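# Architecture and fold: a report
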Amino acid sequence: EFQSRGAFENARAGARGAAMGSAFTAVADDATAPAWNPSGISAHGKKNLVEGAFMYVNPYGIDGFHSIYAGAILPSLVFGNAIAWHGAVSYHRLAVKDVYNENSIGFNVAIGPIIGVSAGASLNIQTISPSGFQEQDGDPLIKARSGISFDLGIRFTPPVKKLRGATFAFSL
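Here is a short report on the structure shown in this document. (Residues numbered from 1 in each chain as written. Predicted model: local features only at pLDDT ≥ 70, side-chain atom pairs only at ≥ 80, totals over all residues. Heavy atoms only, no water.)

### Focus on the pattern of salt bridges
A side chain with one charge can pair with a side chain of the opposite charge if their charged atoms come near. The condition is simple: One speaks of a salt bridge when a side-chain nitrogen belonging to Lys or Arg is within 4 Å of a carboxyl oxygen belonging to Asp or Glu. Under the scheme used here, helices are H or I runs from DSSP no shorter than 4 residues and strands are E runs no shorter than 2 residues, and both carry numbers assigned from the N terminus.
Under the defined criterion, the tally for this structure stands at one salt bridge. Measuring nitrogen to oxygen at the nearest pair gives 3.1 Å for the salt bridge that ties D29 to R16. Taken as a pair, D29 in the loop between α2 (24–27) and α3 (33–36) and R16 in helix α1 (residues 15–20) lie far apart in primary sequence, 13 residues in all.

Below, the structure written as structure tokens:
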């Protein structure tokens, strides 16, 4: 029996993020932020609106191989003069038709910014279904798996005019 391992850590979303690579972790501020740095959902500018993103990609031009990402940032919650809470949901699928499927659903929350610092966390529910990997007798060569993972992120934008536009981020 082979152990199956998903490629969830390589699941990235959005054209801007793909173009910037890992540098996008620091500036992710749209509905793709949960895939890069969950603290980034606190930086989007539409505090009272739902913002969404959808992406369908066939990255290698192989028939039946695709990646799908869908995400939405929910309206922010502010209680009185308190700190703002931000939420988002995300879905990612990587699939080869009739052979292999990875699915991840994320529930994301962020707080801030407080003096330039935002923090975020994601709870991800993941499944791997390698249905096309069967031995001749019908037993699975690679077994299906499911699990839960957590992502944490911190984003710091200095509140100093000379450093305006600079952002530092860390994501696990």
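### A short note on unusual backbone geometry
In this structure, the amide linkage connecting G112 to the following residue, P113, adopts the cis form with an omega of 5°. Note that P113 resides in strand β4 (residues 100–114). A positive phi angle, near 50°, is found at I115, a position not held by glycine. Note that I115 resides in the loop between β4 and β5 (117–129).

### Observations regarding the nonpolar core
Rules: The criterion is simple. A nonpolar core is a set of buried Ala, Val, Leu, Ile, Met, Phe, Trp, Tyr and Cys residues joined through side-chain atoms within 4.5 Å. Summary of the burial criterion: residues with accessible area below 20% of their type's maximum are buried, those above 50% are exposed, and those between are partly exposed, where the area comes from a 1.4 Å probe applied to protein chains only.
Counting 13 residues, the largest nonpolar core has A13, A28, A35, W36, I41, Y69 and I73 as its most contacted members. Counting only elements with at least two residues in this core, the list comes to α3 and β2 (65–73). Residue contributions to this core peak at three residues, all from α3.

### Things to note about the pairing of β4
Convention followed: Following DSSP output, two strands are said to pair if at least two bridges run between them.
Bridge count between strand β3 (residues 85–96) and β4: twelve bridges; the pairing is antiparallel. Among the inter-strand pairings, Y91 is bridged to a residue of β4, identified as I105. Taken together, β3 and the strand that follows it, β4, pair antiparallel across an intervening segment of three residues, in which D98 is found at a positive phi of about 60°. Pairing analysis gives twelve bridges linking β4 to β5, with the strands arranged antiparallel. Bridge pairing in β5 places N103 opposite T127. Here β4 folds back onto β5, and the loop between the two strands holds two residues, one of which, I115, carries a positive phi near 50°.

### Brief notes about the side chain of N124
Going by this rule: Polar contacts, as used here, are pairs of N or O atoms within 3.5 Å; protein pairs need one atom able to donate a hydrogen and one able to accept it. Residues neighboring in sequence count only if both atoms are side-chain atoms. In what follows, residue pairs with any heavy atoms lying within 4.5 Å of each other are defined as contacts.
Following the sequence through the fold, N124 ends up in strand β5. A polar side-chain atom of N124 sits 3.0 Å from a polar atom in the side chain of D151. Not counting chain neighbours up to four residues away, the residues in contact with N124 comprise S104, I105, G106, G147, I148, S149 and D151.

### Points about a nonpolar patch on the surface
Applicable threshold: Patch rule: a residue counts if its relative accessible area is over 30% and it has no salt bridge; like charges are joined within 9 Å, and nonpolar side chains (Val, Leu, Ile, Met, Phe, Trp, Tyr) within 5 Å. Shrake-Rupley sampling with a 1.4 Å probe provides the accessible areas, and residues are treated as covered by the protein chains on show and by no other component.
A contiguous nonpolar patch, built from V50, L74, V89, I105, F107, L123, I125, I148 and F150 and spanning about 820 Å² of accessible area, is present on the exposed surface. Among the secondary structure elements, those contributing two or more residues to the nonpolar patch are β4, β5 and β6 (145–156). The topology assignment puts L123 in strand β5. Residue L123 is classed as partly exposed on the basis of its relative accessible area of 31%.

### What to know about the environment of G116
Position of G116 relative to the elements: it lies in the loop between β4 and β5. Linking G116 and F156, residues 40 residues apart in sequence, is a C-alpha distance of 5.4 Å. Setting aside anything within four residues of it in sequence, one finds G116 in contact with R155, F156 and T157.

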